[in-house]
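Residue-level listing of the chains:
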Amino acid sequence: MSTHRDLLGVLVVFATLLCSPVLAQTEECGSFVRPGEVAGLLLLEDSGIYEGPETLALGNLDVPLTFHVVRRSDGTGGLAQSRLNQAVIDANIAFASAGIAFFQCGETRFIDSDAFYFDIDTTAETNALRSTNPVPNTINVYFSPNVPYCGISSFTTSSVQGIVMNNGCTATSSNHSTFPHEIGHYFNLYHTHETAFGTECTSGSNCGSAGDLVCDTPADPRLGSGNVSTQCFYTGGGTGPCGGDPGYSPDPLNFMSYSRSNCRVRFSTQQDNRARSTLVNLRPGLLSGCTPPNLVSIAPGSGFLRGGTAITLNGADFASNASVRFEGVTAEILQRIGSTSIVVATPPGASEGAVDVAVNQPSGSDVLAGAFTYTQNPVEISWTGSGVRGSNITIRVYGPANARVGLAVGAPGMIVKPCCTFCLDRPIDLAVRPSELMLGANGEAAVQWQVSGADFETKNIQGVVVVPGVGPVVTNCQSVTVFP
């Protein structure tokens, strides 16, 4: 558009916005378009980079984050890991509609510096912090308690890259929006009240060449606590800036506004598309960033075929969204210990024997061949469900693969006699005849028993498993209280 190329007038009008050496102490965000950035950003706009090839075919996109936490010189202070974890969650919720997900790449890095901890109040100092040990092909985020704004980020054309966050504005109970806001800037989203490209008319007539350059975000007179109610409604009124404009009707829920932090909960569809296009076309290195995992050992190295064994995987560079698989079956994550250990519960095995164990994450995978051995299950019985009469209880029996099983459900005193294969002194209270029940290749069988009984009573569940080469083995006895 011609308005994009008529830069001289824009630069003259906004020359007074050049940043002072000392940063404003009341800024919500230090990320705004400076006069020196206008030309480059408008050239990007004219290039059609945000209207490029369809990126949805690429599926969900995973982006690595490197966290740098500033502490005092003696190593005290700094933002807790739980807050960093919540920041990742906040970002993932915010960008889910864009098909972008984030994960922490590697361990949290610490910068022990009184200067950065107590005294950041100039642009030069902020840029010095952002230049400290950045990790390539990740979004480097620096957290300090004494930054004179909630956050500052960089556009793709900025000379210094990275995000700086004020600890007090990061993943607090009332602020889950500043971190997504700054990531939005990192993907070339501007404030909805941006004026560096010109003031947006409330009619939307110049939405593609003024304001935030996004047409599905309404013109914004600069929201804040003074014109947004605690119920997140705009209360400012005001006439539009262009002739014949309707009044302002901004979106107090948009992440890229200066609305109350607890009100900001969404990006628009065009903001989602712009962020995704920026990632794919202008920051593609992020899609292959982060070091692949290095799986060194697991312990213990064996467990029962039924699964559920707690296993610790040790190594390096485990991402915060790494998954673990045993012979292709995903395990339940019980605990993540930094980037060096993951504790999982083993999934049920398909058969006895050794299997491969793999750690998988967006940056790659690592496999230990035959690292875990599934062993024969002990003979056990368990049940789940409700003891209310008429409901179904699922009874599970465990033992060697392909073993025969007999089951009995009866009143107290019921005895399962192991003298022969299926000798029971009470009738079987199951629809399945015991001679027809077999354990599968994974050493497990499950049957349903419909609870019966007119009075409160306790029934026992027990069974016999014929162990190959051993003979009949009586299972543990489980009791279930039946309610009429």
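Everything below is about the structure shown above.
Residues numbered from 1 in each chain as written. Predicted model: local features only at pLDDT ≥ 70, side-chain atom pairs only at ≥ 80, totals over all residues. Heavy atoms only, no water.

**A closer look at the overall build of the protein chain**
Within the protein chain, the regular secondary structure consists of 8 helices and 26 strands. Taking all 484 residues of the protein chain together, the buried fraction comes to 48%. Relative to all contacts within the protein chain whose residues are 6 or more apart in sequence, the contacts with residues 24 or more apart total 66%. Here the protein chain has roughly 20,600 Å² of accessible surface; of this, 53% comes from carbon and sulfur atoms. (Helix = DSSP H or I, 4+ residues; strand = E, 2+ residues; numbered from the N terminus. Buried < 20%, exposed > 50% of the residue type's maximum accessible area, 1.4 Å probe, protein only. Contact = heavy atoms within 4.5 Å. Areas by Shrake-Rupley, 256 points an atom, 1.4 Å probe, with all protein chains shown as cover.)

**As for the pairing of strand 18 (residues 392–398)**
Of all 7 residues in strand 18, 5 are buried, a share of seventy percent or more. Bridge analysis of strand 17 (residues 380–385) against strand 18 gives 6 bridges, and the strand direction is antiparallel. Directly across from Thr-384, in strand 18, lies its bridge partner Thr-394. The antiparallel pairing of strand 17 with strand 18 creates a hairpin that spans 6 residues between the two strands, and Gly-390 there sits at a positive phi of about 95°. Two strands pair when backbone bridges link them, and strand 18 and strand 23 (residues 444–450) are joined in this way by 7 bridges, in the antiparallel orientation. Bridged to Tyr-398 within strand 23 is Glu-444. (Pairing = 2+ DSSP bridges.)

**Things to note about the state of the cysteines**
Applying the stated criterion across every chain yields a total of 5 disulfides. Residue pairing for Cys-232: its cysteine sulfur links by disulfide to Cys-263, the two sulfurs lying 2.1 Å apart. Its S-S torsion of approximately -85° makes the covalent link between Cys-232 and Cys-263 left-handed. Placement of Cys-232 in the loop between helix 7 (178–186) and helix 8 (269–282) and of Cys-263 in the loop between helix 7 and helix 8 is noted, with a sequence separation of 31 residues between them. Neither Cys-232 nor Cys-263 differs from the other in exposure class; each is buried. (Disulfide = S-S within 2.5 Å.)

**Looking at the side chain of Gln-361**
Within the secondary structure layout, Gln-361 lies in strand 15 (residues 353–361). A polar contact is formed between the side chain of Gln-361 and the backbone oxygen of Thr-291, at a distance of 3.4 Å. Apart from residues lying up to four places away in sequence, Gln-361 is in contact with Cys-290, Thr-291, Pro-292, Pro-293, Asp-317, Phe-318, Ala-319, Asn-321 and Ala-322. (Polar contact = N/O pair within 3.5 Å; in protein donor to acceptor, adjacent residues only side chain to side chain.)

**Some words on the sheet that holds strand 13 (residues 332–337)**
Pairing within the open sheet is antiparallel, and its 4 strands lie in the order 8-10-14-13. Each edge of the open sheet is held by one strand with a lone partner, namely strand 8 (294–299) and strand 13. Averaged over neighbouring strand pairs, the angle between their axes works out to 25° when direction is ignored. Bridging between strand 13 and strand 14 (residues 341–345) involves 5 bridges; their strand directions are antiparallel. Bridge pairing in strand 14 links Glu-332 to Ala-345. (Axes fitted to C-alpha atoms, helices over the stretch in contact; angles between N-to-C directions.)

Nothing here speaks to function; it is geometry throughout.
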